[in-house]
Amino acid sequence: MSTPKTGCLVLEGDSLTKSSEVDNPFTCPISNDESGGVDCTDAFYKCAPKLTCPNYHLQDCKVKYYLPEKDVMPSGDYCSAYLSAWPAHMTGKIVRSIRKPKSSGIPKHHGYDDEFASNAAKPQFLEQLEAHLRKELQTLDMSKPKIQEVKLQAYREVFEYFIEDLKTYKPLLAAIKNEYELTLAYMEDQIRELQPLKAMMFTTVEQCNQKIMAIYEQESLELKTLKDEKLDLLKQIDKSMETKNTLREQVAKLQTELQIQYKKYRDEYDARRLLLSDINNLRAQQEESKPSELQADIVEDTVKLNLALKVTRQDLTMLQVELNTMKAEYGDVIPRREFEILEKNYNELHEKHEHIQKDHNQIKVEYSTLLEVHKYITIQRDKLLLEIEQFKTSASVSGAIVPAESQEPSQIMHEIEKKETEDLEEFEGLGTGEDVLLFLRHDGLVKNTQMSRKDIVSVVMEIWKEKIQADEESGIRSNFAEFFNSFLQKKYGDLTVQWAYNIYYGCRHCQDDDYINIFFRILNGTVDESMYHGQVQLISNLAKQMTWHDNTNEGFLSKINFSHLLKNTFPNKTVEYLDELLQAAEFQLGADENLNYKALFGENEEEKPGPFIMLLKNQQESEKIQYVDELKSKLEEAVDVTVADLKNAFQDIDPSILPHILDTYIMYAFQTTKEQIDQAGPLDLDVLLERLQVCDVKRIGPPSIE
């Protein structure tokens, strides 16, 4: 191939132009750069980058193809002179498509065929183009990569020569060539884009195959495990069936044996009854027979009877053994029908028992309340009887009733006020101010129903019963005045104010009754409710202790046992107080060796407690005053007492006090709840002591030794 340095034709867009001088029209100009020779394919794509671009358009095409110089090939006029109609009347092909190869000495170059070269003379320009194409194809190395692109470059150059010389068809051929170039570039871009997808597809397929294989392996393992479990279960089923069959056979055998034994038992039972019948008949015959015959038959009948008796005893022993065995084995077995009947009866009885138990508990609570109230009433009665006896004794000594001048002024005023109130037909309302008690807030007149002492005691007992029950249900001790008001509203409705005034003034006029007096003081708020419960607990505990120590259950205790019981029940009392209690019991019950302790808790004819109970209450009040005085001496230096100060003082004077009792006393003093004890602020000492005086405060253990 010649390489003259002359200008060559260059295809730019849709037209051919003359290029500058290059060394080789068939070699890319960039192949002579400093990097050395470059493969034709790479040089082609570097010279025509827009063909490889996906956004390439025909109007932007700047691809340049360098053609040989015009002088190398025949000129247009010369070429036209050689052009003929050869292709029109020839049936030969320059490039064949698919045919069987023939043995020929002419070499074949990549699909180019010279078979028809000798059939007819060709135009000179065509021969030159074919010769040039053959030469280019022969120089190619088929082992190199991208050989097809290099071959296409050789054909492209020949086609460029052809377009250049055909002036008439140049625009059309150039457009066709450009369209093919664009299509090739587009297809190559598509191939480049699809190659990563192809690799990704192979990778994905491989990963999916691996996952499928892993799933197959896992399923195979699970299937194997399930098969093993199935075999184990089948074996267990077989074993269970064998056990079931064995048990069934045993049951059938036992049933057969049971039937046999039952039949034997029935036979023995029938034989025994027949034997007894025969014995009775023989005995009757013996009685009816003559003495001579009786004497003759006795010997023979005795032998027979002894033998029969011996056999019967043996049979009876065997039957007894079998019966005991059957009882031991089947004693707990009952028919299902009987079991269901028994179960139904049990459920019904259980429900009835629960209802009865609930009613019993309710009645028990009511009974306890009534018992406490009865005890208080008995105490009040004994107290009144004692006062009457004291008055009678005083009257007998002086020879006359005590004159009015010797009575205390307060008692005289109380009697006068009571008399005036009893004569009133209506009470005057105290108003609706905040200083008036809640249940007495009323404007206007209220009817006076003239309630007797007995009626007041009955109402007070009912109020205490409802109050105790309500506090037990709620778990919190409610305000007594508020509960009293709600109780009256619930029971009497529109007559609440009338009952409130009559109960209040009735209690006010019966303060000589200790039971009514403490109720009235609690209702007014001058005494805490704990005082009432403390007295009830004191008397109830003493009564329980005496009942517990009464071994004969006759209601009597000896003086020695009575004295020891008082000492054990009240370990904190002094010897003087214990002697006073013993003397009061002897005075009330008499000087007998055995004391009827149950009479101590009863009431006298005036429904007042006896001197023993009154003395016990007075001692409790005196002990509380002494206890509070000791507390005062511990806190006398403190102006404002804190919770911590009060706790320390209680623990100093009463080391045995329990934590929950200590918290209760602190709640009394600071009038707060258990949850808010730590938040209570300092309190004046006098106010604190006044609050403790009206509460149920007592010593728990022996005093501290200093």
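See the structure shown above.
Here is a short report on the structure shown in this document. Since this is a predicted model, take the numbers as computed values, not measurements.

This part is about a nonpolar patch on the surface. Together, Leu 231, Leu 233, Leu 234, Ile 237 and Met 241 line one region of the surface with nonpolar side chains, adding up to about 450 Å² of accessible area. Mapped onto the elements of the fold, Leu 234 is located in helix α7 (residues 170-288). Look at Leu 234 and you get partly exposed, because its relative accessible area is 40%.

To continue, consider the pattern of salt bridges. Counting across every chain of the model gives 18 salt bridges. Here Glu 181 and Arg 156 are joined by a salt bridge, their closest N and O atoms 2.4 Å apart. Separated by 25 residues along the polypeptide, Glu 181 in helix α7 and Arg 156 in helix α6 (residues 147-165) bring together distant segments of the chain. The two residues Glu 181 and Arg 156 agree in class, both being buried. With its nearest N and O atoms 3.3 Å apart, the salt bridge here joins Arg 192 to Asp 189. With Arg 192 and Asp 189 both in helix α7 and 3 residues apart, this pair spans about one turn of that helix.

Our next topic: the side chain of Gln 620. Of note, Gln 620 is situated in helix α18 (residues 611-635). With relative accessibility at 14%, the residue Gln 620 sits in the buried group.

Where helix α16 (residues 559-569) is concerned, the buried positions are Lys 559, Phe 562, Leu 565 and Leu 566. Along α16, the residues classed as buried sweep out an arc of 125° about the axis, all on the same side. Seen from the open side of α16, the exposed residues pointing more than 90 degrees away from its buried face are Ile 560, Lys 567 and Asn 568. Looking at the buried positions of α16, the neighbouring elements they touch are α15 (530-549), β5 (556-558), α17 (575-589), β6 (594-596) and α18.

How two aromatic rings sit relative to each other is set out by the distance from centre to centre and by the angle between their planes. Counted according to the given criterion, the structure contains 18 aromatic pairs. The rings of Phe 427, Phe 439, Trp 464, Phe 480, Phe 484, Tyr 501, Tyr 504, Tyr 505, Phe 519, Phe 520 and Tyr 532 are connected pair by pair, giving a single aromatic cluster.

The next point concerns the environment of Asn 502. Structurally, Asn 502 is set in helix α13 (residues 496-509). Put simply, Asn 502 and Asn 448 are 54 residues apart on the chain and 6.3 Å apart in space, counted from C-alpha to C-alpha. Sequence-distant contacts of Asn 502, defined by excluding residues within four places in its chain, comprise Phe 427, Lys 447, Asn 448, Thr 449, Gln 450 and Met 451. Of the polar contacts made by the side chain of Asn 502, one reaches the backbone nitrogen of Thr 449; its length is 2.7 Å. There is a polar contact of 2.6 Å between the side chain of Asn 502 and the backbone oxygen of Gln 498.

For the rest of this paragraph, the subject is helix α14 (residues 514-524). Burial within α14 is extensive, with 9 of its 11 residues counted as buried. When α14 is considered as a whole, its buried residues turn out to be Asp 514, Tyr 515, Ile 516, Asn 517, Ile 518, Phe 519, Phe 520, Ile 522 and Leu 523.

With that settled, the discussion passes to the packing of α17 against α18. Direction vectors running N to C along α17 and α18 enclose 160°, while the axes themselves pass 8 Å from each other. The pairing of α17 with α18 is recorded here as roughly antiparallel in orientation. As for the relative orientation of α17 and α18, their crossing is right-handed in sense. Judged by residue contacts, Tyr 577, Glu 580, Leu 581, Ala 584, Ala 585, Phe 587 and Gln 588 of α17 engage Pro 611, Phe 612, Leu 615, Leu 616, Gln 619, Ser 622 and Glu 623 from α18. In terms of residue class, the contact of α17 with α18 is built from 9 nonpolar, 3 polar and 2 charged.

What counts and how
- Residues numbered from 1 in each chain as written.
- Predicted model: local features only at pLDDT ≥ 70, side-chain atom pairs only at ≥ 80, totals over all residues.
- Heavy atoms only, no water.
- Patch = residues over 30% accessible without salt bridge, like charges linked within 9 Å, V, L, I, M, F, W, Y side chains within 5 Å.
- Areas by Shrake-Rupley, 256 points an atom, 1.4 Å probe, with all protein chains shown as cover.
- Salt bridge = Lys/Arg side-chain N within 4 Å of Asp/Glu carboxyl O.
- Helix = DSSP H or I, 4+ residues; strand = E, 2+ residues; numbered from the N terminus.
- Buried < 20%, exposed > 50% of the residue type's maximum accessible area, 1.4 Å probe, protein only.
- Arc of directions from axis to C-beta.
- Contact = heavy atoms within 4.5 Å.
- Phe/Tyr/Trp six-rings, centres within 6.5 Å; stacked < 30°, edge-to-face > 60°.
- Polar contact = N/O pair within 3.5 Å; in protein donor to acceptor, adjacent residues only side chain to side chain.
- Axes fitted to C-alpha atoms, helices over the stretch in contact; angles between N-to-C directions.
- Parallel < 35°, antiparallel > 145°, perpendicular 65-115°, else oblique.
- Left-handed = near helix turned anticlockwise from the far one by under 90°.
- Nonpolar A, V, L, I, M, F, W, Y, C, P; charged D, E, K, R; others polar.

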